[in-house]
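Coordinates in review
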Amino acid sequence: MSVLVYIENWDGKFKKLSFELVSYARQIANQAGTGVTALSIGNVDESELKKLGNYGADKVLSVQDDRLNVLINRAHAAIIAQAAEKEAAEVIIFAHNFTGKALAPRVSVKLKAGIASGVNAVPSSYNPFTVSKKVFTGKAFANVVIKSEKKILTLFQNSVDILENGGTANIEAFSPAL
């Protein structure tokens, strides 16, 4: 089992949200005893990619293609699904923003994965896989159980602390079929 986290970039730079997602993925990986792979799509400098290691990424898959500098749902979803298969990822994490809400369902269908959107905490249980999310416009919480082999989570921004661990990440070029 591994954890794959899709990291967005804004003009080749990462924002606080990106580091929060990697920190969240690291917490899940620590509890499951596995590694974290971050996936970056678009032209991002290697020095920027290495920053992800400081927040818990063990490996960064970098897809650099000028055609992918703008969000193309079908292409991005296909790339994420290919990366998940390559890394044998059982948990795939997205931000709960416009991009994550557009990509997560497509990837879910491609991988036949269960999905929980808008989660706000690390899983409370791994057997069965149970995560918490806000419901009724944030007035209550619900525990969602995902029974499929692969799980997709979208994380609400500012739900978890950003944890720096001073680690380093191996940068690996990834060339999926487009």
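Refer to the preceding data block for the structure.
Described below are features of the structure shown in this document.

Conventions we followed
Residues numbered from 1 in each chain as written. Predicted model: local features only at pLDDT ≥ 70, side-chain atom pairs only at ≥ 80, totals over all residues. Heavy atoms only, no water. Helix = DSSP H or I, 4+ residues; strand = E, 2+ residues; numbered from the N terminus. Expected span 1.5 Å × (residues − 1). Buried < 20%, exposed > 50% of the residue type's maximum accessible area, 1.4 Å probe, protein only. Contact = heavy atoms within 4.5 Å. Polar contact = N/O pair within 3.5 Å; in protein donor to acceptor, adjacent residues only side chain to side chain. Phe/Tyr/Trp six-rings, centres within 6.5 Å; stacked < 30°, edge-to-face > 60°. Core = buried A, V, L, I, M, F, W, Y, C linked by side-chain atoms within 4.5 Å. Axes fitted to C-alpha atoms, helices over the stretch in contact; angles between N-to-C directions. Parallel < 35°, antiparallel > 145°, perpendicular 65-115°, else oblique. Left-handed = near helix turned anticlockwise from the far one by under 90°. Nonpolar A, V, L, I, M, F, W, Y, C, P; charged D, E, K, R; others polar.

Points about helix α4 (residues 98-111)
For α4, which comprises 14 residues, the first-to-last C-alpha distance of 21 Å matches the rise-based estimate of 20 Å (1.5 Å per residue) to within 8%. Taken together, the buried positions of α4 are T99, G100, L103, A104, V107, S108 and L111. In this structure, the buried side of α4 is in contact with β1 (2-7), α3 (73-87), β4 (89-95), β5 (114-119) and β9 (151-155). A distance of 3.2 Å separates the backbone nitrogen of T99 from a side-chain oxygen at the start of α4, and that oxygen is part of N97. Just downstream of α4, K112 is the residue with a positive phi angle, here 55°.

Topic: the packing of aromatic side chains
Inspection of the entire model under this criterion finds four aromatic pairs. Between F14 and F19 the ring centres are 6.5 Å apart and the planes differ by 75°, which places this aromatic pair in the edge-to-face class. The same class applies to F14 as to F19, namely buried. Ring geometry for F19 versus Y55: centroids 4.4 Å apart, planes at 25°, classification stacked. Residue F19 is located in helix α1 (residues 16-32), and its partner Y55 is located in the loop between α2 (46-50) and β3 (59-63); the two are separated by 36 residues in the primary sequence. By the burial criterion, F19 is buried, and Y55 matches it. Of the aromatic side chains, those joined through ring pairs into one cluster are F14, F19 and Y55.

Thoughts on the nonpolar core
Judged by nonpolar contacts, the single largest core of 32 residues is most densely connected at V5, I7, L21, Y24, L52, I93 and L153. Breaking this core down by element, the ones donating at least two residues are β1, α1, β2 (36-41), β4, β5, β7 (129-135) and β9. With eight residues, the top contributor of residues to this core is α1. One finds L61, L68, F94 and L103 within the second-largest nonpolar core, a separate group that totals 23 residues.

A look at the packing of α3 against α4
Between α3 and α4, the shortest axis-to-axis distance is 9 Å and the interhelical angle comes to 50°. One finds that α3 runs oblique with respect to α4. The crossing of α3 and α4 is right-handed. Across the interface between the two elements, N73, R74, H76, A77, A78, I80, A81, A84 and E85 of α3 pack against A102, L103, R106, V107, K110 and L111 of α4. Classifying every residue of the contact of α3 with α4 by side-chain character gives nine nonpolar, two polar and four charged.

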